[in-house]
Amino acid sequence: MKPKKHFFDRETVLAPLLVLPAGLYIVLFVGFPFVMSFVYSISNVTVGNPNFKIVGLQNFTAILADPVFRTSLFNTVIFTVVSVLLVLVFAHILAELLLRDFRGKWLVRFLIMLPWTAPIALGAVGFLWFLDSVFSPIDWLLRDVGLLGKPGALLGPASNLYWLGRPVLAMASIILVHVWRLLPLGTVILISGMNSIPKEIVEAAQMDGAGYFRRLFDINLPLLFPVIGVTILFATFFTFTDMTVVWVLTRGGPPPNATQVLASLAFLTGIEGGDLAQGAAIAIFFFPVLAGLAIIVLRLVKKAIVT
Amino acid sequence: MAFVQLRGIKKQFGAVNAVDGVDLEIKDGEFLVLLGPSGSGKTTLMRLCAGLEKPTAGELVIDGEVVNDVPPRERGIAMVFQSYALYPHKTVFKNIAFPLTVEGLDKSEIRYKVELAAGLLGIGRLLERMPSQISGGEKQRVAIARALVRKPKVLLMDEPLSNLDAKVRHTARVELKKFQQEIGVTTIYVTHDQAEAMGLGDRIAVMSEGRVRQIGIPEDIYHDPADTFVAGFIGNPPMNFVEQNGVIVGFRPEVFLPAELASTEDQTKFRFKVTRVENLGSFKLAYGTIGETGVIANLQLRVPLEEGREYDFSVRSKDVRYYHRETGVRITK
């Protein structure tokens, strides 16, 4: 007797059914907004004006000519490159630390992972107080040890550093908070990568006479390359497109645009300013940059894995 | 080349005594095999020699110098790992060259030495390949070449044949022995495979529970096991044990013969009840009992035996070994 085949046993039914939820999610929440913003970016649509006309590349030429856009682009690149580098270095150090056994390791691990579990806006509000122009506890500490607030002090005679009020310090503050935020993710990715390097290979290098730095640069880092590539990719995406930290801490200030980044500028133009078309044009600008980066990194990673 | 001495070596991991007081002396150019079941401490002992672990107590001496606190790279020791541990991102050439690169030799010297070692092991044509592009047997040779290229005083090998398939393993074993004899490097070789140990070792140290139970040439280990552990671990099938008059009587399955086939020498007689006969091609195994105790006889095919019947069997008295009933240690009688 031929075994009876259930409706759901048929591959032509089950396979599409299983893929459907993911497909729907991508179409509705990724594809649709993407297409919408693309259409907006070549239109003249604004919040107040319901008439809709395709205007071609006009919005793009406008934003490219806008000095605020160029400042924001420059800031975004600085913000991203510095943050990603810092995340890589610190995540590597933390991963090395967490791979060793020591007393109270669970507590350290818990504390390191904490920023990832807290809502980003909440964490940023906490830092807002940390970096307050008058009540900053960091400034208290600096004043207490005599580095600040006295004539001839290393950091100047003023009573406060005004973290978010000076252009360079404001950018540094934003990078600091963002690195604090991304560090857990980078650490977890790197730990998994380091765990996947066979212990025998590291020991073989030891037997072959390689010291710590030789092992790091000649054995560990090359073997970690695929994982580091993925970390760079994630960190870049999260930084390039992030506006929460900037928005909570500085709103793009201090004036005029010392910490304005593309994401906050798009929000400011499109939502606050009501010019949906230009906001969309700014946001669309992410796409070729990030897609290009993704292609390059993934290709390098693939090459490293094959060989 | 060098000699190695272990004096009262102990290693504890937490409450576990992985190595529990080992004294060993490995002669210059000797091939010593550490043989034991898993968990016997043989790999730990080798890692202690390598310097990958630090002994809890005792002294490790290489060429007359105590090296307890000398890091691995300064001990002049090379090691071949079970998984070969080739660097997957480096070519075969760079793998073999790595110890020399670390030493900072100049390029032409490195090339000369790598090509020499590769030629010796017959892998000269593989130098530009990546480890993922060569076979298991070739990987093993690359690992050995990498270990030898620095001319180590002592070569350590941790089950280097266990990742090869059965056919290749046999040839690799023969070649390994020939090779070691040619270059005459002092070698410590860890394995749980007794055939490997018998075939390769100048001497074998049998380990169990962190101690060396017996050390000697393969013939002695096989024919004169020092205690019931060694006797039961070596040989396939292992030695038969029968308790008689308060001592354990031990004899190998292949010396346990039907009484009518036995020579006229002094014989020890047994009544053997056969329960099952297994024909294994060139010989057969007869499973059965003496009294209540299960024993095995290894017989030639032409010996007629029926399952379920009882026979008179005997062992030449000089092939019988006696062991203490409680301690299992060999006694003379």
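Note that this is a predicted model, so its numbers are computed, not measured.

Considering the overall build of chain B
The helix and strand inventory of chain B stands at eight helices and 19 strands. Structurally, chain B occupies a C-alpha span of about 75 × 45 × 35 Å along its principal axes. Of all 333 residues assigned to chain B, the portion counted as buried reaches 50%. When contacts within chain B are restricted to residue pairs at least 6 apart in sequence, those whose partners lie at least 24 apart make up 63%. For chain B, the distance from the average position of its 44 positive side-chain charges to the average position of its 43 negative side-chain charges is 4 Å.

Concerning the overall build of chain A
A count of helical and extended segments in chain A gives 13 helices and zero strands. Order of helices (α) and strands (β) in chain A, N terminus to C terminus: α-α-α-α-α-α-α-α-α-α-α-α-α. Across its three principal directions, the C-alpha atoms of chain A cover 95 × 75 × 35 Å. Within chain A, buried positions represent 40% of all 307 residues. Long-range contacts, defined as pairs at least 24 residues apart, comprise 64% of the intrachain contacts of chain A with a sequence gap of at least 6. Total accessible area on chain A stands at roughly 17600 Å², and carbon and sulfur atoms take up 74% of it. With 21 positive and 15 negative side-chain charges, chain A shows a separation of 6 Å between the mean positions of the two kinds.

Describing the interface of chain B and chain A
At the junction of the two partners, chain B supplies 26 residues and chain A supplies 19 residues. The interface formed by chain B and chain A contains three salt bridges. A salt bridge links Lys 90 of chain B to Asp 218 of chain A; the shortest N-O distance between them is 3.2 Å. There are seven residue pairs in polar contact (both at pLDDT 80 or more) connecting chain B and chain A. The greatest single-element share of the side of chain B that touches chain A, amounting to four residues, is contributed by helix 2 (residues 92-103) of chain B.

Re the domain arrangement of chain B
All names here are of chain B. Assigned domains of chain B: these are domain 1 (4-228) and domain 2 (241-331). Here the C-alpha centre of domain 2 lies 38 Å away from the C-alpha centre of domain 1. Across the salt bridge formed by Asp 224 and Arg 330, the nearest N and O atoms sit 3.3 Å from each other. The tally of links from domain 1 across to domain 2 stands at eight residue pairs in polar contact (both at pLDDT 80 or more). The biggest single contributor to the side of domain 1 that touches domain 2 is helix 7 (residues 218-223), with three residues. Class assignment of the residues belonging to the side of domain 1 that touches domain 2 gives a composition of four nonpolar, two polar and two charged.

Regarding helix 1 (residues 11-41) of chain A
All names here are of chain A. Under the 1.5 Å per step criterion, the end-to-end length of helix 1 is 42 Å for 31 residues, consistent within 8% with the ideal 45 Å. At Leu 20, helix 1 shows its largest bend, some 40°, and a proline, Pro 21, comes one to four positions later. Among the residues making up helix 1, those that are buried are Val 13, Ser 37 and Ser 41. Summarising the contacts, the buried residues of helix 1 are in contact with helix 2 (58-65) and helix 12 (276-284).

A word on a nonpolar patch on the surface
Side chains of Leu 20, Leu 24, Tyr 25, Ile 26, Val 27, Leu 28, Phe 29 and Val 30 of chain A sit close together on the surface and give an oily, nonpolar patch of about 830 Å² of accessible area. For Val 30 of chain A, the position within the fold is in helix 1.

Considerations on the packing of aromatic side chains
Within this structure, the stated rule accounts for 21 aromatic pairs over all chains. Centre to centre, the rings of Phe 241 of chain B and Tyr 323 of chain B are 6.1 Å apart; their planes meet at 85°, and the pair counts as edge-to-face. Of this pair, Phe 241 of chain B sits in strand 11 (residues 240-244) while Tyr 323 of chain B sits in strand 18 (residues 321-324), and the two are 82 residues apart along the sequence. An aromatic cluster is present here, built from Phe 251, Phe 256, Phe 270, Phe 272 and Phe 313 of chain B joined pairwise through their rings. Lying across the ring of Trp 116 of chain A, Arg 181 of chain A places its NZ or CZ 4.7 Å from the centre. Here the guanidinium or amino end of Arg 276 of chain B rests over the ring plane of Tyr 287 of chain B, the centre of that ring lying 4.7 Å away.

Overview of the environment of Ile 228 of chain A
Residue and element names in this part refer to chain A. Within the fold, Ile 228 resides in helix 9 (residues 212-240). Relative accessible area serves as the criterion here: at 16%, Ile 228 is assigned to the buried category. With 47 residues separating them in the primary sequence, Ile 228 and Asp 275 have C-alpha atoms 39 Å apart. Apart from residues no more than four positions distant in its own chain, Ile 228 is found in contact with Leu 88, Leu 190 and Leu 221.

Looking at the pairing of strand 1 (residues 4-13) of chain B
Residue and element names in this part refer to chain B. Pairing analysis gives five bridges linking strand 1 to strand 4 (residues 57-62), with the strands arranged antiparallel. Of the residues in strand 4, the one forming a bridge with Gln 5 is Val 61. Note: strand 1 against strand 2 (residues 16-26), eight bridges, orientation antiparallel. Bridging across to strand 2, Gln 5 finds its partner in Glu 25. Adjacent in sequence and paired antiparallel, strand 1 and strand 2 are bridged by two residues, among which Gly 14 carries a positive phi angle near 60°.

Looking at the pattern of salt bridges
The tally for this structure, following the rule as stated, stands at 28 salt bridges over all chains. A salt bridge links Lys 113 of chain B to Glu 109 of chain B, with the nearest nitrogen and oxygen atoms 4.0 Å apart. Of the two residues, Lys 113 of chain B and Glu 109 of chain B both sit in helix 3 (residues 107-120), four residues apart, roughly one turn of that helix. For Glu 109 of chain B, a relative accessible area of 31% corresponds to the partly exposed category. Taken together, the shared-partner salt bridges connect Lys 199 and Glu 203 of chain A together with Arg 47 and Glu 53 of chain B into one network.

Comments concerning the environment of Gly 137 of chain B
Mapped onto the secondary structure, Gly 137 of chain B falls in helix 4 (residues 136-148). Considering only alpha carbons, one finds Gly 137 of chain B and Gln 244 of chain B, 107 residues apart in sequence, at a separation of 49 Å.

A few points about the layout of surface pockets
Residue and element names in this part refer to chain A. One number sums up the size of the largest pocket: a volume of about 620 Å³. Residue lining of the largest pocket: 16 residues in total, with Glu 96, Leu 99, Lys 199, Val 202 and Asn 220 positioned closest to the centre. Of all the elements in the fold, those that place two or more residues in the lining of the largest pocket are helix 3 (67-99), helix 7 (167-195), helix 8 (199-207) and helix 9. Computed from the structure, the second largest pocket encloses a volume of approximately 390 Å³. For the second largest pocket, the lining is made up of 18 residues, of which Ser 37, Gly 279, Ala 280, Ala 283 and Ile 284 are closest to its centre. Among the elements of the structure, helix 1, helix 11 (262-272), helix 12 and helix 13 (286-306) are those that each provide at least two residues to the lining of the second largest pocket.

Reading guide: rules and limits
- Residues numbered from 1 in each chain as written.
- Chains lettered and ligands numbered in written order.
- Predicted model: local features only at pLDDT ≥ 70, side-chain atom pairs only at ≥ 80, totals over all residues.
- Heavy atoms only, no water.
- Helix = DSSP H or I, 4+ residues; strand = E, 2+ residues; numbered from the N terminus.
- Buried < 20%, exposed > 50% of the residue type's maximum accessible area, 1.4 Å probe, protein only.
- Contact = heavy atoms within 4.5 Å.
- Lys, Arg positive; Asp, Glu negative; His and termini not counted.
- Charge placed at Lys NZ, Arg CZ, Asp CG, Glu CD.
- Areas by Shrake-Rupley, 256 points an atom, 1.4 Å probe, with all protein chains shown as cover.
- Salt bridge = Lys/Arg side-chain N within 4 Å of Asp/Glu carboxyl O.
- Polar contact = N/O pair within 3.5 Å; in protein donor to acceptor, adjacent residues only side chain to side chain.
- Domains from an automatic or database assignment.
- Nonpolar A, V, L, I, M, F, W, Y, C, P; charged D, E, K, R; others polar.
- Expected span 1.5 Å × (residues − 1).
- Bend = angle between axes of the 7 residues up to and from the residue.
- Patch = residues over 30% accessible without salt bridge, like charges linked within 9 Å, V, L, I, M, F, W, Y side chains within 5 Å.
- Phe/Tyr/Trp six-rings, centres within 6.5 Å; stacked < 30°, edge-to-face > 60°.
- Lys NZ or Arg CZ within 6 Å of the ring centre and 35° of its normal.
- Pairing = 2+ DSSP bridges.
- 1 Å grid on protein atoms, 1.4 Å probe; cavity = no way out; pocket = protein on both sides within 12 Å on 5 of 7 lines; lining within 4 Å.
- Points joined across faces, edges and corners; volume = space filled by probe spheres on them.

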